Structure formats: structure tokens, C-alpha cells
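Structural description and commentary
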Amino acid sequence: MSVQLDIKEKDVNLYLPEKVRIKRVEEFTDIDKFFEVELLERDSLKHNPGQFLAVSLPGIGEAPISIASPPSDGNTFELCVRALGELTNIFNKLKAGDEFYIRGPFGHGFDDDIIKSMQGKHLLFILGGCGYSPMRSLINLVIKEPQKYKKISILYGCRMVKRRLYVNELGTISNMGGNVELMQIVDKGDEDWEGEVGLITTLIPKVSLDPEDIVAIVVGPPVMYKYVIKKLLNRDVKKEDIYVSLERRMKCSVGKCGHCQIGGFYACQQGPVFRYTDVEDNEEAL
Amino acid sequence: MDRVFKATKQEMLESLDRCMSTYRVAALTNKDGRPMYDFVTSSKQVILEYRPTVLPPKKFFFPPTETILEYSKDGKMKTVIEAEPLVLFGVRPCDINGIKILTEAFADVNGDPNYLSRRENAIVIGIECAKKCDNDDAFCTKVNAHKVTTGHDILLADLGDDYLIKEATDKGTAFINEFLKVNKVDAKEFDDFIKRKEAAFAQEDSAFKDLERLPEIFSKSNEHPIWNQEGERCLSCGSCVMVCPTCYCFDVKDQWDLNLKDGKRVRQWDGCMLCDFAVVAAGENFRNTKEARLKHRMNRKFNYLMKKHGQAVCVGCGRCVRACLVDISPKTVVEALNGEA
């Protein structure tokens, strides 16, 4: 291994965040908020679907947050933040006009080559809870041009009706018709819920699919992956046609601090989006 | 490059005094009767005979806490790089290997500006070991870390009254030119020293069986009983990672100054052996058993990172063994997995 001691120009400011401004806030649930954010120091984020940002509040810290908007040349991007930790609880009190900081985009997402390889295929999204957000960047990219794909199926499961994210958008998607289908399920219904009740795995048999031309994308809480993948494999979906995106603790986002390691992989470098075949034997992955 | 010189030990020590107007000097010294690497203000404080230290010299390049960012309430923000010119004297082969590995790790893919600046601003003067040190827990020969390749700027060999002085980098050469009165000698003298050293070390343990194959062996050993056997005894105190010359996991924390107007972002040593290292905000702990944490740390040393650095990322210094309250040793783990036990 050869070592470059001179610090490369790109790395001088490795840990320096850039300032951005909140344009619009929408309250999604009791703990989730949606933010449209304006870049102040560059023209566009230039990210791939599935990548994340290190969101930074001076005095509080940083947290990795998935980019919820599709790639764009515009100077805005979107985040959906669940108030769970120290930073996100404070972050979700921010209002339009408030400023915060970001580093990134980081991580390996769905790059152009992967997205190209998906054309003509049946895209099956299986998303649980706030796992919708990291894949919304890809969903909103592909439903712009649904004709490029054989079919787009979105399976979305939540624990509670009131914790569903992007409810308005889900309505639009379910009315799109054509080759776009949406199925929703909740673990526990309420008096207004007329949809399916149960675990997301019960939706998988209801999807009409041909294992020869399908790409499945699975994102959700840790417990979800192995059951969903088992169901997919039972339906003869090939292992190499399954993608997962994995959440881990992160401190640096640049492959140093060690927190996000999944066996020998860094979620912030080789991930968060992995092909299932790359992690199926990794004891720490799923 | 690679020229060899000779000077008396006295001259070497005086060069440290001479360079103090330009550099801070750190060396093996006594503090409250204990040997440690620390800053010295006179070469009289330097110990030449090696005695094992609790902490490796890693702390000069990757300090226990360091500021990486400063900000203020009015929106100003700037990165902080605290590097200063340093001469680090008397680093032994195990720790030279540690510095080599850390430098590779921090330079890899995204160059860490803080570590690399500190390393770039430092001149590391290593000293070859003529024989294995007086430390029963050390097992440098098992991982070939008694052999020096890179990581230092100047390498010394102890001839009794004199040092052989081998230049290893341009920085090292510049130091020799500026601060040392030396005689050039035949480079063969250093090679001969190494031959005598190798012969002395050959009396010690040889390398682990299948050393080069350890990544493969570890990859196939997830189910081995040693993980539970050793992991169950672990107290999750994190001492092993704190004293390790090649552990570099860190946490990042923000703190406001007392004036509540200015603040800083600091990074501090963290360790994958600590219970909450892999806990995410939702509460999930992705490495929630002692066994899983031990397995992870050992795989970093002998599998994941070993593949990347082309050498075991444990340098066999024995510090973790001495620090461990329940006597867990990487040696025990490796020998269980490669069948030597």
C-alpha cells in the first residue's frame, strides 16, 4: 500500500460542513418531518438515489440522514427526519428560513449504471416504516418515466396508520394506474383504516412477478430484511436481483471512525446500498 | 536515500537539544517512575533503554481528543488542524509498524487532514531492537512486526556507545543535515546489525502458522468456540482499544464553550469493544454481545484490515494483553483459529 502524505485538495475540508437553508417544512407524523432545503454554496447536490448527508447542527453534532429527493440539477433537496436521537429531536424543531449544515452526499447509492441496468425490468420496492424515505429518491425518479420499466410495484408497510410517511404522494402513486402499483399494509389498523392489516411479508405473494426480469429493493427496520428476503427467494427471485440499504451508526461518514462497519464493509463507503449477494454471508449485515 | 551514518549517542541526544528551537521533541521518558512517550524539554529526560509503555506513540498523531472544527453562534465556522513540528524520538519496530498502518488507514480513500498534517509535520526517529524487549506479553515476532519497512523517517541501531543512523525519507535526511554531526559509513554496517538482530529474534517464537492466510482462516471461523470462550470473559471496558497502536475508531462530539457563543467539534478515541459502539438512534445495537464485539475487533486486526494493509494489523506489542483485566490476548485467539493451540 503506498501512502500519500500530502493532503489532497479535496480532503482539506473533509470535516467542514456547508451551510444550507430550510425552504419549507411539512409535518408528516408526530415524530417525522419533511424538509425542503435550499443549497447556499453550490448549484446542486449531484447525488445518486440512496446516498445520504451528514446533517450538522453546531453545538449538537451530526447525524446521517438519507436524501429523500431524486437527483436534480436544481438547488434544492429534500429530507425526512424522524425525531429519535439527540440531533434529530432538535432538528425537527427547525422552521422555514432556519439554517443548518451538511456534509456529503456520501455513500454508494444507485449509480447511473445500476439504474440503467434496471430499465425494462419489474421494480419491486419493499419498504418498511421510515425505510420509505431513503428509497423515495429512487421511486420518484422512476415513476417520472414509468414506461422505461416493465412494472413498478411499491409495497409499503408501517406499524401504525398514523406513522405512514408521504401520505399525499402515496395517494397520487396509487392513482397513477398503468404499470405502477402500490400496496400498503399496517401492523395495526385504526377505525378509519380500510386497507390491509398485517406484516409486509403477507403482501409479497400478492405481487405478480416473473423472476427472470425483476429487481427487488428492500429497506426497512433491521428485523424486516431476513423475512422479506426469504419470501422473495421462495418466489424464485434471484439473489443478485435483490438490493438492500442498511442503516448504521455513523460519526465521520468518510470511512474512518469505524462506527458503521458491517463486518469488513463500511456502510458509509461500500454502502448503504448493497447487492444482497455482497452481504448474504456477512454475519453482521442482516 | 538509505545512506547510513554513525554518531555517538551523546551527539544524537545533543541533536535533540539543538532541534528544540524548531521542533517540540517527544521521546521515551520517565514520569512518576513510569516509562512513557511524552514531550521533553531536555535530552537529559530521554530514556534510551526501552521499557514497555502503557500507551503507544500513536497519541502524537491521533490524540485522545482533538478539535476538528470551531464555530460560533453568529455562523462562523472553520476547520482546525492542530499539527505542530514534532520530533518523535525512540520509536520501536512494533510502534513503527503501528504508525505505518495508521498512516495508511488515514490516507486511504479520503485523506484525513488532521492525522496527515500531524504526521507530515513530524520526524519519526525509530530505534531497532537488538533483541526482544523485556515484556512477556509481546509477540511481535508472531506477526513479523519486529521487522521495519516504512513508517519512520530515520532509523537508528544501537551499537553501545554509538548509533548507526539510516535515513529513510527526505525529512529524515534534512534533519540529519541540519542537526547532526555524523560520519558516513558503509550501509553494510546496518545490514549486518539487522542480520545479528534477526538471529537474536530467531531464538524467539517464529511467526504464526499460516500468518499470510489468517484473513481466509478468520473468514471461515465465525462459528468457532473461541469467540464465546474469550468473549464471555470480556468486561467491555475498552482498555484494549485505548492502548492499541493500530486502533483508530473515534467518536465526534460538539461542545459549547462556557461563553455559550463559541463552540467546537472534537473527536475522541472510541472503541468497538464498548457496549454502545454500534447503537443507532432507534435503539438497535448492531453488535450487542461481547462475543460479537471481540470477533469484530479481531477480524479487523487479522482479516478485514489485514487484507488492505498486507500485514497483520496487530503489531504484537502486547499492550492490550497487559491492559486486559481478564487476560484476553489476540495470540490466544489466533492460535485457536489456526490450529496452533
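1. Overview of the overall build of chain B
Along the backbone of chain B there are 11 helices and 12 strands. Its C-alpha atoms give chain B a radius of gyration of 21 Å, near enough to 20 Å, the size a compact globule of 341 residues would have. A principal-axis box enclosing the C-alpha atoms of chain B has dimensions of 65 × 60 × 40 Å. By the burial criterion, 57% of the 341 residues in chain B qualify as buried. Contacts in chain B between residues at least 24 apart in sequence constitute 73% of all its contacts with a sequence separation of at least 6. Between the averaged position of the 51 positive side-chain charges in chain B and that of its 52 negative side-chain charges there is a distance of 1 Å.

2. Focus on the overall build of chain A
Each helix and strand in chain A was counted, giving 7 helices and 15 strands. At 19 Å, chain A has a C-alpha radius of gyration in line with the 19 Å of a compact globule built from 286 residues. Taken along its principal axes, the extent of the C-alpha atoms in chain A is 55 × 50 × 35 Å. Across the 286 residues that make up chain A, the buried fraction comes to 56%.

3. Re the interface of chain A and chain B
Counting residues at the interface gives 44 residues for chain A and 53 residues for chain B. Counting across the interface, chain A meets chain B through 4 salt bridges. Its salt-bridge partner being B:Arg265, residue A:Glu62 comes within 3.2 Å of it at the nearest N-O pair. Counting every contact that joins chain A to chain B gives 24 residue pairs in polar contact (both at pLDDT 80 or more). For the side of chain A that touches chain B, the elements supplying multiple residues, two or more each, are helix 1 (9-12), strand 3 (52-57) and strand 4 (61-66) of chain A. Per-element accounting of the side of chain A that touches chain B gives the leading share, 3 residues, to helix 1 of chain A. Here the residues of the side of chain A that touches chain B sort into 19 nonpolar, 12 polar and 13 charged.

4. Remarks on the pairing of strand 9 (residues 180-188) of chain A
All names here are of chain A. Bridge count between strand 8 (residues 151-160) and strand 9: 8 bridges; the pairing is parallel. Looking at strand 9, one finds that Ser153 is bridged to Glu181. Handedness of the crossover is the feature at issue here: the chain leaves strand 8, passes through helix 5 (residues 167-174), returns alongside strand 9, and the resulting connection is right-handed. Examined bridge by bridge, strand 9 and strand 10 (residues 196-197) share 2 bridges and lie parallel to one another. Each bridged residue has a counterpart across the sheet, and for Ile185 the counterpart in strand 10 is Glu196.

5. Quick word on the sheet that holds strand 5 (residues 76-82) of chain A
All names here are of chain A. Taken together, 6 strands build an open sheet; the order of strands is 4-3-6-1-2-5 and the sheet is antiparallel. Taken across any chain shown, the strands that pair with only one partner, and hence form the sheet edges, are strand 4 and strand 5. The mean angle between the axes of side-by-side strands here comes to 40°, regardless of whether they run parallel or antiparallel. Of the pairings in the sheet, the one linking strand 1 (residues 18-27) to strand 2 (residues 32-39) comprises 7 bridges and is antiparallel in character. By the bridge assignment, Ile22 is partnered in strand 2 with Val37.

6. Looking at the side chain of A:Arg164
Residues and elements named next belong to chain A. Its place among the elements puts Arg164 in the loop between strand 8 and helix 5. For the buried residue Arg164, which engages in no salt bridge, the nearest side chain bearing the opposite charge is Asp190, 7.6 Å off. Only 2.9 Å separates the side chain of Arg164 from the side chain of Gln184, close enough to count as a polar contact. Contact partners of Arg164, with chain neighbours within four places excluded, come to Thr29, Tyr156, Cys158, Gln184, Val186 and Trp193.

7. A short note on the environment of A:Phe100
All names here are of chain A. Within the secondary structure, Phe100 is located in strand 6 (residues 99-106). With a relative accessible area of 0%, Phe100 lands in the buried category. Along the primary structure Phe100 and Ile262 are separated by 162 residues, whereas in three dimensions their C-alpha atoms are 29 Å apart. Once you skip the residues sitting within four places of it in the chain, Phe100 turns out to touch Glu18, Lys19, Val20, Ile22, Val37, Val55, Ser56, Leu57, Leu79, Phe91 and Leu94.

8. Quick word on the packing of helix 4 (residues 132-142) of chain A against helix 5 of chain A
Residue and element names in this part refer to chain A. The contact between helix 4 and helix 5 brings their axes to 13 Å, and the two run at 40°. Our classification of the angle between helix 4 and helix 5 gives oblique. Between helix 4 and helix 5 lies a crossing of left-handed hand. Residue-level contacts link Tyr132, Arg136, Ile139 and Asn140 of helix 4 to Glu169, Leu170 and Ile173 of helix 5. For the contact of helix 4 with helix 5, the per-class residue count stands at 4 nonpolar, 1 polar and 2 charged.

9. So, the pattern of salt bridges
Residues and elements named next belong to chain B. With the rule as written, the count across this model stands at 53 salt bridges over all chains. With a shortest N-O distance of 4.0 Å, Glu14 and Arg18 are connected by a salt bridge. Pair noted here: Glu14 and Arg18 are both in helix 1 (residues 9-19), with a separation of 4 residues, about one helical turn. Residue classification places Glu14 among the partly exposed positions, given a relative accessible area of 33%. Between Asp153 and Lys171 there is a salt bridge, and its shortest N-O distance comes to 3.9 Å. With a gap of 18 residues between them, Asp153 in the loop between strand 7 (122-127) and strand 8 (154-158) and Lys171 in helix 4 (residues 170-179) connect regions that are remote in the sequence. Look at Asp153 and you get buried, because its relative accessible area is 2%. Taken together, the shared-partner salt bridges connect Glu66, Glu82, Asp112, Arg118 and Arg267 into one network.

Quick notes on the rules
- Residues numbered from 1 in each chain as written.
- Chains lettered and ligands numbered in written order.
- Predicted model: local features only at pLDDT ≥ 70, side-chain atom pairs only at ≥ 80, totals over all residues.
- Heavy atoms only, no water.
- Helix = DSSP H or I, 4+ residues; strand = E, 2+ residues; numbered from the N terminus.
- Rg over C-alpha atoms; globule rule 2.2 N^0.38 Å.
- Buried < 20%, exposed > 50% of the residue type's maximum accessible area, 1.4 Å probe, protein only.
- Contact = heavy atoms within 4.5 Å.
- Lys, Arg positive; Asp, Glu negative; His and termini not counted.
- Charge placed at Lys NZ, Arg CZ, Asp CG, Glu CD.
- Salt bridge = Lys/Arg side-chain N within 4 Å of Asp/Glu carboxyl O.
- Polar contact = N/O pair within 3.5 Å; in protein donor to acceptor, adjacent residues only side chain to side chain.
- Nonpolar A, V, L, I, M, F, W, Y, C, P; charged D, E, K, R; others polar.
- Pairing = 2+ DSSP bridges.
- Right-handed = clockwise from strand over helix to strand, strands pointing away.
- Axes fitted to C-alpha atoms, helices over the stretch in contact; angles between N-to-C directions.
- Parallel < 35°, antiparallel > 145°, perpendicular 65-115°, else oblique.
- Left-handed = near helix turned anticlockwise from the far one by under 90°.

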